[in-house]
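# Inside the fold
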Amino acid sequence: MSDTEAAKPESAPSAEAPAPPAEAPAPPAFAPVVAPRKKKKKEVEAAVRLNKVTKRFGTKTAVDEVTLKIKAGSVYGLIGPNGAGKTTTFSMMAGYLKPTEGSVEMLGFAPTQVDELRSRVGVLPQDAVLPANDLVGEFLLHMARLQDFPPEKAEEAARTVLAEVDGKDWWSQRCGSLSHGMAKRVALAQALLGEPEVVLLDEPTAGLDPRVAYEVRQLIKGRRGRATIIISSHNLQELEEICDAAAILDRGRVVASGSMTELTASSEEVHVKLGRGTKTTGAPWMQQVRDLKMLKRVEIDEERTELVVYFERKETDAETVIAHVLWILLNAQVKISGVTKGRGLEQRVMDLT
Amino acid sequence: MSPIVEIRLVAARELRRSIRSVKGIVLGVLTLIGSVLSILICTWLEGRQREKLGAVSTDAFVELKRQAIEKSTGDASLASHLAAVPTSLLLFLKITIWFGPLLIALLGFDTVAGELQHRSVRFWTVRSRRSSFFAGKFFGLWALVSCITLALNVIAGVVVVAKGYVGGVALVTWGLRFWATSLPITAAWAAIALFISGMFRTPILGLLSTFGTFFVLWLFGLGGFISRVGDMLESGEAKAMSWYEYLYPNAYDEMLLSSDPRSVVTALGILLGFAALMIVSGSALFMRRDI
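Everything numeric here is computed off the predicted structure, so don't read it as measured data. (Residues numbered from 1 in each chain as written. Chains lettered and ligands numbered in written order. Predicted model: local features only at pLDDT ≥ 70, side-chain atom pairs only at ≥ 80, totals over all residues. Heavy atoms only, no water.)

Residue and element names in this part refer to chain B. Of the volumes computed, that of the largest pocket is approximately 940 Å³. Mapped onto the lining of the largest pocket, the elements with two or more residues apiece are helix 2 (22-52), helix 3 (58-73), helix 5 (87-108), helix 10 (203-235) and helix 11 (253-257). At seven residues, the largest contribution of residues to the lining of the largest pocket is made by helix 10. For the lining of the largest pocket, the per-class residue count stands at 18 nonpolar, six polar and eight charged. (1 Å grid on protein atoms, 1.4 Å probe; cavity = no way out; pocket = protein on both sides within 12 Å on 5 of 7 lines; lining within 4 Å. Points joined across faces, edges and corners; volume = space filled by probe spheres on them. Helix = DSSP H or I, 4+ residues; strand = E, 2+ residues; numbered from the N terminus. Nonpolar A, V, L, I, M, F, W, Y, C, P; charged D, E, K, R; others polar.)

As structure tokens, this is what we get:
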């Protein structure tokens, strides 16, 4: 491990997602065709609330007193290694699993209150297999009808959402004949059917080729601001790119949570990757960097040949720090391989789990 | 959305799925072949019976049948009622309801277990109440079995009419009645199959458990039947069914065919009540389980 500041242990395993970014959301690629007959909404600030939720399977505790509050409109990530409890937490939010202790609230209702949540929540389960004998169109149509779309509007809604996942030509194909990527997108289509207010996505890009994964990410980004999106994934780069906030889980507990900026400390530290063979000990430029008033602390990670500078976010910003540090390094003709704001989500997760 | 609409949508989809599946098609074809063979055997038996009694008038033939049925059931009113029924159709009904559980077990064992195994159920439970999903699955299975038995009865009717054993009117009245008789019985079997299917995530376990349960119920029926035959041979009189025979859904066929409306209503009440109990309890367990 580098000699950077050790991860702060988070005593309270609770998390509150920040509000979505202030900038206006991108206009939707597809306007909702027609809204299904939705139930009267309960005005809620938090789209999803988990209150000291525990799930045990026999003697094994998969999720241990997890408390989360995910604000309406945010894109929220559930992060963690295998067995961290992400999918279990996700499954409790979707109502697939019943918490052993604690409570889960989705838009102010228990996830099992299907009639209240019908059409308001869309879920992409990780490993659910599409019914092999159903035609794609038939399957989506059936889902739309169950979401209370009027019969005459259900097909239009199903075709629109299928087009949104770039699958309009698959309408008459059997679900069983679809490739993994195609099936994943059909499953995503059913999750997005009817403009749900909350979309739960479990490993939405797992097993997809890079191009399709990119398209799916774009699709999710396109929903930003139109729905609260909760993503459980191993793909940290993806989550860092998409999410406003996240919770990092390990062994069933929330070990860190907050906005992506907070998690990656991108507003508090800058990492400068130095060229191979760069001498750091006793180098004059090191002293020049240390002398910068805006910096709180300067460290060298010898193992990674990385210069890490820490600053107070209230006093300056990362861009100003980068400019000053790079000016010194370039004048000293130090080779630079890369510059990153913060530790990066991957490093943060590695530190914590 | 009302639970009834949910049930209707799930049942219609279940029916469509079953008809399209390889299992559904294979079982359907095998059942139809079996039914053709069965009705040919039934008509052959009736033909031999008629040949044997060739010298006897139609009235005397009916009277002989009445006596035989009364002797085996101990119910004079039922005997009078059924004496006029074409023998081959009656035999065919017996065969249909005897093989019905086998068909239901093969069609129904993975109805819920298959969805749990592949987790497809997760697409439904965010849109439909679990109880509606479960009930919809039941009605879908029951509708499928009812369609198959209707097809069997139509085939049997065509063969019997072609043989000249029954006229068009008798066929429609008795044929429909026999089919209607099979409905509550298949409802009870389908409900048991679904109850068991909802308890397992692995369909093969569902299949074995369904077969095991059906076999135990069949043993109850067989045990009661053997006991009654024994009593009849000893005393010359047919005795009432033992309590455990009432656990075997097929045992209600005679009550359902009775001329006494009270017997019909009682049998209907018991069978449909039993089916409802299985669906409600199966649904309650399904609502509480992790999927």
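Resuming the write-up.
Attention now goes to the interface of chain A and chain B. Each partner contributes residues to the interface: chain A has 33 residues there, and chain B has 25 residues. Between chain A and chain B, roughly 2,800 Å² of surface is buried when both sides are summed, and carbon and sulfur atoms account for 53% of that area. On the chain A side of the contact with chain B, Y96, H142 and L146 of chain A bury the most area, a combined 23% of that side's loss. Inspection of the region where chain A meets chain B yields seven salt bridges. As a salt-bridge pair, R118 of chain A and E6 of chain B come within 2.4 Å of each other at their nearest N and O atoms. Inspection of the chain A/chain B interface yields 17 residue pairs in polar contact (both at pLDDT 80 or more). Among the secondary structure elements, those contributing two or more residues to the side of chain A that touches chain B are strand 2 (46-57), helix 2 (114-117), helix 3 (136-146) and helix 5 (180-192) of chain A. The dominant element in the side of chain A that touches chain B, judged by the number of residues it contributes, is helix 3 of chain A, at six residues. When its residues are assigned to classes, the side of chain A that touches chain B shows 17 nonpolar, six polar and ten charged. (Contact = heavy atoms within 4.5 Å. Buried area = accessible area lost by both parts, 1.4 Å probe. Salt bridge = Lys/Arg side-chain N within 4 Å of Asp/Glu carboxyl O. Polar contact = N/O pair within 3.5 Å; in protein donor to acceptor, adjacent residues only side chain to side chain.)

Next up on the list: the packing of aromatic side chains. In this structure the tally under the stated criterion is 17 aromatic pairs over all chains. With a centroid separation of 5.6 Å and an interplanar angle of 85°, the aromatic rings of W243 of chain B and Y244 of chain B are classed as edge-to-face. Under the relative-accessibility criterion, W243 of chain B is labelled exposed at 66%. An aromatic cluster of at least three residues, connected via ring pairs, comprises F139 of chain A together with F123, W124, F133, F134 and F286 of chain B. Its end group placed over the ring of W171 of chain A, R159 of chain A keeps NZ or CZ at 4.0 Å from the ring centre. The ring of F286 of chain B has R130 of chain B lying over it, and the distance from NZ or CZ to the ring centre is 5.9 Å. (Phe/Tyr/Trp six-rings, centres within 6.5 Å; stacked < 30°, edge-to-face > 60°. Buried < 20%, exposed > 50% of the residue type's maximum accessible area, 1.4 Å probe, protein only. Lys NZ or Arg CZ within 6 Å of the ring centre and 35° of its normal.)

This paragraph deals with empty space enclosed by the protein. Taken as a whole and judged by the stated rule, the model has three cavities of 30 Å³ or more. Put simply, the second largest cavity is a space of about 60 Å³. Looking at the second largest cavity, the residues that line it are M93, A94, M106, P111, V114, L117 and V121 of chain A together with V126 of chain B.

Let us look at the side chain of T31 of chain B. Residues and elements named next belong to chain B. Take T31: it is sitting in helix 2. Residue T31 is classed as buried on the basis of its relative accessible area of 16%. Setting aside chain neighbours within four positions, we find T31 in contact with L103, I148 and L152.

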